[in-house]
Amino acid sequence: MSDSHPLLPTLARIAEALERLAPPAPAAPDLGAADAFVWHPGPPARLDPVPRVAAVGITLLQGVERQKALILENTLRFARGLPANNAMLWGARGMGKSSLVKAAHAAANAEIPGAIALVEIQREDVRTLPDLLNVLRVGSRRCLVFCDDLSFEREDADYKALKSVLDGGIEGRPANVLFYATSNRRHLMPRDMIENERSTAINPSEATEEKVSLSDRFGLWIGFHNCDQDTFFAMVEGYAGSFGLPVSQDDLRRAAVEWSVTRGARSGRVAWQFVQDMAGRLGVRTNA
């Protein structure tokens, strides 16, 4: 089409009108505005700052000393700019998996102020992880992307998106981003789903390998297990001591046993809930 074609002015006006109608490009997020954010894929996509993270001090987490040492060391390496691994925290419910992630983030920032921003992504938004990484990639601040209670019922688009992110793809995982996830399932999928694949596949071993390959992509794989009564007492006494509850050890333990029996479980979550109840009955504020 020549420069003098009669349609050119009309086409130019159409192009200008389309540009006016198009939404403006999203502004780059200010990752220095807070130490934690929640990812909302939109539209429009945005990172909402979290003024205060609901976290407990890492010293209060009892019965998970090995797990605590591993995740804290990995997080501190990342905060210092050293190589670190994506981490999967899996196992028994209520044993402090998500609490440990938030506590390790707080501990790292206490040692190196402002080193890491915690970015939470919801399970249902996992398929937008590549979009989130593109947003974080342009920044210089180190970001710990966290997905709580991650699991899959089938090999869907979310599953494949996460595999691609953990593999890094052609661009590679951004150097300023680390991914932590928690799950009650060791391989992120129900055991019966894996067994069904094994029983119906032409090559059972290959089918099983495909289903567990996602969990293998986490360099750090940390298990959490049900606690015994002594560990449960240590959890309860740690919380009670931190809040200064005016109660004897014998009375505290007796009440804790009764509480755990009525709940049918012993875990860090049950210990926390018991101490919150005890503090309320004793008129002690915990600010929790």
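Look above for the structure.
Conventions and cut-offs
Residues numbered from 1 in each chain as written. Predicted model: local features only at pLDDT ≥ 70, side-chain atom pairs only at ≥ 80, totals over all residues. Heavy atoms only, no water. Helix = DSSP H or I, 4+ residues; strand = E, 2+ residues; numbered from the N terminus. Contact = heavy atoms within 4.5 Å. Polar contact = N/O pair within 3.5 Å; in protein donor to acceptor, adjacent residues only side chain to side chain. Core = buried A, V, L, I, M, F, W, Y, C linked by side-chain atoms within 4.5 Å. Buried < 20%, exposed > 50% of the residue type's maximum accessible area, 1.4 Å probe, protein only. Axes fitted to C-alpha atoms, helices over the stretch in contact; angles between N-to-C directions. Parallel < 35°, antiparallel > 145°, perpendicular 65-115°, else oblique. Left-handed = near helix turned anticlockwise from the far one by under 90°. Nonpolar A, V, L, I, M, F, W, Y, C, P; charged D, E, K, R; others polar. Lys, Arg positive; Asp, Glu negative; His and termini not counted. Salt bridge = Lys/Arg side-chain N within 4 Å of Asp/Glu carboxyl O. Pairing = 2+ DSSP bridges. Phe/Tyr/Trp six-rings, centres within 6.5 Å; stacked < 30°, edge-to-face > 60°.

**Student:** Looking at this structure, how should I read the environment of Glu237?
**Tutor:** Relative to the elements of secondary structure, Glu237 occurs in helix α8 (residues 229-243). A sequence separation of 175 residues divides Glu237 from Gln62, and the C-alpha atoms of the two residues are 9.6 Å apart. If near-sequence neighbours (up to four positions away) are discounted, Glu237 is found in contact with Gln249, Leu252 and Arg253. Within the structure, Glu237 has its side chain in polar contact with the side chain of Gln249 (distance 3.5 Å).

**Student:** How do you make sense of the nonpolar core when you look at a structure like this?
**Tutor:** Where a protein is soluble and globular, its nonpolar side chains tend to be buried together. Within the largest apolar cluster, 48 residues are counted, with the highest numbers of intra-cluster contacts made by Ile71, Tyr180, Phe232, Val236 and Phe274. Not counting chain neighbours up to four residues away, the residues in contact with Ile71 comprise Ala87, Leu89, Leu100, Ala104, Tyr180, Leu220 and Ile222. Grouped together as the second largest cluster of nonpolar side chains are 28 residues, Ala117, Cys143, Cys147 and Ala181 included.

**Student:** Could you clarify how one ought to interpret the packing of helix α9 (residues 249-263) against helix α10 (residues 268-282) in this entry?
**Tutor:** Two numbers describe a pair of packed helices, the interaxial angle and the distance between the axes. Viewed as axis vectors pointing N to C, α9 and α10 meet at an angle of 120°, and their least axial separation amounts to 10 Å. Compared by their axis directions, α9 and α10 come out oblique. Relative to α10, the crossing made by α9 is right-handed. Residues Leu252, Ala255, Ala256, Trp259, Ser260 and Arg263 of α9 pack against Val270, Gln273, Phe274, Asp277 and Met278 of α10. Classifying every residue of the contact of α9 with α10 gives seven nonpolar, two polar and two charged.

**Student:** I keep staring at unusual backbone geometry and nothing clicks. Help me out?
**Tutor:** Negative phi values dominate among residues other than glycine, just as trans dominates among peptide bonds. Of the consecutive residues Gly42 and Pro43, the connecting peptide bond is found in the cis state with omega at 10°. Among the structural elements, Pro43 can be located in the loop between β1 (36-40) and β2 (46-49). The amide bond that connects Pro43 to the next residue, Pro44, takes the cis arrangement and shows omega of -10°. Note that Pro44 resides in the loop between β1 and β2.

**Student:** Is there a simple way to think about the side chain of Asp125 in this case?
**Tutor:** With respect to the helices, strands and loops of the structure, Asp125 is situated in the loop between β4 (116-120) and α4 (129-137). For the buried residue Asp125, which engages in no salt bridge, the nearest side chain bearing the opposite charge is Arg127, 7.3 Å off. Once residues within four sequence positions are removed from consideration, Asp125 is found in contact with Trp39 and Pro41.

**Student:** In this structure, what is going on with the sheet that holds β2? I would like to understand it.
**Tutor:** Strand pairing within a sheet occurs via backbone hydrogen bonds; the two strands may be parallel or antiparallel. Strand order in the open sheet formed by seven strands is β2-β1-β4-β5-β6-β3-β7, and the pairing between neighbours is mixed. A single partner strand is all that each edge strand has here, and the edge strands are β2 and β7 (220-224). Neighbour-to-neighbour, the strand axes of the sheet open up by a mean angle of 25°, direction not taken into account. Judged from the four bridges that link them, strand β3 (residues 87-91) and strand β6 (residues 177-183) form a sheet pairing that is parallel. Residue pairing for β6: Ala87 is matched across the bridge by Tyr180. Relative to β4, helix α3 (residues 97-111) is tilted by about 155°, and along the sheet it contacts β3, β4, β5 (142-147), β6 and β7. Docked against the sheet, α4 engages β1, β2, β4, β5 and β6, running at close to 160° with respect to β5.

**Student:** Sorry if this is basic, but what is going on with the side chain of Ser260 here?
**Tutor:** Here Ser260 lies in helix α9. Within polar-contact distance, the side chain of Ser260 engages the backbone oxygen of Val257 at 2.9 Å. For Ser260, the contacting residues outside a window of four places in its chain are Phe232, Ala265, Arg266 and Val270.

**Student:** Even after reading the chapter, I still don't get the packing of aromatic side chains, so can you show me in this structure?
**Tutor:** When we look at a pair of aromatic rings, we describe it by the centre distance and by the angle of the planes. Counting across every chain of the model gives five aromatic pairs. On the numbers, 5.8 Å between centres and 65° between planes, the contact of Phe243 with Trp272 is edge-to-face. A residue pair is termed long-range when its members are at least 10 positions apart, and Phe243 in helix α8 and Trp272 in helix α10 qualify at 29 residues. Taking the relative accessible area as the measure of exposure, Trp272 reaches 23% and is therefore partly exposed. Among the aromatic side chains, those forming a connected cluster through ring pairs are Tyr239, Phe243 and Trp272.

**Student:** Honestly, the pairing of β3 in this entry has me stumped. Any pointers?
**Tutor:** Side-chain direction in a regular strand flips from residue to residue, so the side chains alternate between the two faces of the sheet. Of all the five residues making up β3, five are buried; the element is thus mostly covered by neighbouring parts of the structure. Both faces of β3 are covered, namely the face carrying Ala87, Leu89 and Gly91 and the face carrying Met88 and Trp90. Inspection of the sheet shows β3 paired to β7 by five bridges, in the parallel sense. Looking across to β7, one finds that Trp90 is bridged to Gly223.

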